[in-house]
Structures are given as structure tokens and as C-alpha cells.
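Observations on the three-dimensional arrangement
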Amino acid sequence: NAGVTQTPKFQVLKTGQSMTLQCAQDMNHNSMYWYRQDPGMGLRLIYYSASEGTTDKGEVPNGYNVSRLNKREFSLRLESAAPSQTSVYFCASSHLRANTEAFFGQGTRLTVV
Amino acid sequence: DAKTTQPNSMESNEEEPVHLPCNHSTISGTDYIHWYRQLPSQGPEYVIHGLTSNVNNRMASLAIAEDRKSSTLILHRATLRDAAVYYCILRDSAPSGAGSYQLTFGKGTKLSVIP
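Residues numbered from 1 in each chain as written. Chains lettered and ligands numbered in written order. Predicted model: local features only at pLDDT ≥ 70, side-chain atom pairs only at ≥ 80, totals over all residues. Heavy atoms only, no water.

1. A look at the pairing of strand E5 (residues 43–49) of chain A
Residues and elements named next belong to chain A. When you tally the buried positions in E5, you get 6 out of 7 residues, the bulk of the element. Where strand E4 (residues 31–37) and E5 come together, 6 bridges link them in antiparallel fashion. Across the sheet, Arg36 pairs through a bridge with Arg44, a residue of E5. In this antiparallel pair of consecutive strands, E4 and E5, the connection spans 5 residues, and Gly40 shows a positive phi of 75°. Taken together, the 2 bridges between E5 and strand E6 (residues 56–57) define a ladder with antiparallel strand orientation. In the sheet register, Tyr48 faces E6, and the bridge partner there is Asp56. (Buried < 20%, exposed > 50% of the residue type's maximum accessible area, 1.4 Å probe, protein only. Helix = DSSP H or I, 4+ residues; strand = E, 2+ residues; numbered from the N terminus. Pairing = 2+ DSSP bridges.)

2. Quick notes on the sheet that holds strand E7 (residues 70–75) of chain B
Residue and element names in this part refer to chain B. Pairing is antiparallel in the open sheet, where 4 strands are placed in the order E2-E7-E6-E5. The open sheet has two edge strands, strand E2 (18–23) and strand E5 (55–56), and neither has a second partner. Relative to E7, strand E6 (residues 61–64) runs antiparallel, the two being bridged by 4 bridges. Note on E7: the bridge partner recorded for Ser61 is Ile74.

3. Brief notes about the environment of Thr30 of chain B
Residues and elements named next belong to chain B. When you line up the elements, Thr30 lands in the loop between E2 and strand E3 (31–38). We classify Thr30 as partly exposed; its relative accessible area is 29%. Taking the C-alpha atoms as reference points, Thr30 and Arg91, separated by 61 residues in sequence, lie 8.3 Å from one another. Within the structure, the side chain of Thr30 is placed 2.8 Å from the side chain of Asp92, a separation counted as a polar contact. (Polar contact = N/O pair within 3.5 Å; in protein donor to acceptor, adjacent residues only side chain to side chain.)

4. Some remarks on the state of the cysteines
Throughout the structure, instances matching the rule amount to 2 disulfides over all chains. Disulfide pairing places Cys23 of chain A opposite Cys91 of chain A at an S-S distance of 1.8 Å. Between Cys23 of chain A and Cys91 of chain A the sulfur-sulfur dihedral comes to about -75°; the bridge is accordingly left-handed. A residue pair is termed long-range when its members are at least 10 positions apart, and Cys23 of chain A in strand E3 (residues 19–25) and Cys91 of chain A in strand E9 (residues 87–94) qualify at 68 residues. A relative accessible area of 0% places Cys91 of chain A in the buried class. With a sulfur-sulfur separation of 2.1 Å, Cys22 of chain B is cross-linked through a disulfide to Cys88 of chain B. Here the disulfide of Cys22 of chain B and Cys88 of chain B is left-handed, its torsion about the S-S bond being about -80°. With Cys22 of chain B in strand E2 and Cys88 of chain B in strand E8 (residues 84–92), this residue pair connects regions lying 66 residues apart in the sequence. Each member of the pair Cys22 of chain B and Cys88 of chain B is classed as buried. (Disulfide = S-S within 2.5 Å.)

Put into C-alpha cells, the structure is as follows:
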């Protein structure tokens, strides 16, 4: 079972470059989420998609855009990367029902120099 | 959004029980209490969840206070593999608007297990 797959696992960008982080899930989940985690910190929600066709801002959306391409895929785009966006990015997915668990990917380690 | 409060860190000796507390004094009647943990260099993983009654699974037990304003995750025999950050979060089972579907994590409790 693949679960939640994130690509790439590692990336180094120069300031001002753009890139898209990919996330796909094979569990037929409605909801998908993007988080960032800075060293020694908890997870902060960037954007989420409660269901296919909808996206909403989380706690720290500035500097990011998202696309819910279909039910399986939810991408995160950095249009002009900044050193402050150096972080580990996690994608997660879950069913809409609150009594179900969320599944996380293994993360993308992004460094902006 | 209902918030949770957890201690920043805790220590336990190996093979002893661990009780990880979580306060959620503004919890609503429709909020489920979920626990996740994050091992070093990995994504978070689900541990357990409950609504009102205490819950047990192969990983842990969840004790929920009668007024639901606090809960405790119980690891019955801590092992070195249980050293992780543990997060207590709430999920609304009666969402009213898109914002209710957020899955919000705090800073969690960093559990250290001493051999």
C-alpha cells in the first residue's frame, strides 16, 4: 500500500526560483492537507482541501499556492522561493469523517539558499 | 477552533508506563480527540482517537475525563522506539463551514525514554 506519496524527497532552490511539490494518495480520501515544519517546531497548516474542487487557507498561506488536481492529487507551489520557506513539508490526507485517521507522507526537505 | 494544551516535554524510564496529558477546555460536544506521534525524521502517524469513552488499541490507551475537558494518552510500557513528539488534536464531527475541516496541530509533547 503506497498511502501518501510526496515528491521530491529533497530539494535545494535558489532564492526566487519556483517549484511545485507533489502529493498523491491512493486511499480515496476526500480531504488533503499541506503543512510545514520548521526545526524544533510543530506542524503549521499551509493550505487544505476539504474535498475535491475546494481549497482553503490555513495558518501560514503566504508565499504558496495549491491545486487540487483531482481526488488523488494535491500540489503545493512556491512561485518565488525565499530563505524563510526553508522547511520540511508534509502532505496528509483523510476521510471527511472526524472519527477517521489522517495519513501523512514522509515529507519533502526544502532548502532555499 | 477548539485548542489543546500539552506540556512541552516529558521523560520516562524504559518499560515503565507513561501518561501524556492534554487539556482541551473549550472542546465542543461534537469534537473527537485524536492523538498522533512523530518519530524523528518521519511524518506523523496516528495513534488513537475517542469521543467520550476510554479507548484501547495495540499502541496505547486513551483516557477521557468525564467532562471531556482533558484526556490522557497512556503508553503501558515505554520502549526506546516510543521516543517521539506526541500531538493531541481535535476533529469536529459536525463541521459548519470549510474552516471546520482544518486539521490543526500544536507543538506537542516531546517524550524522551531513558534506557
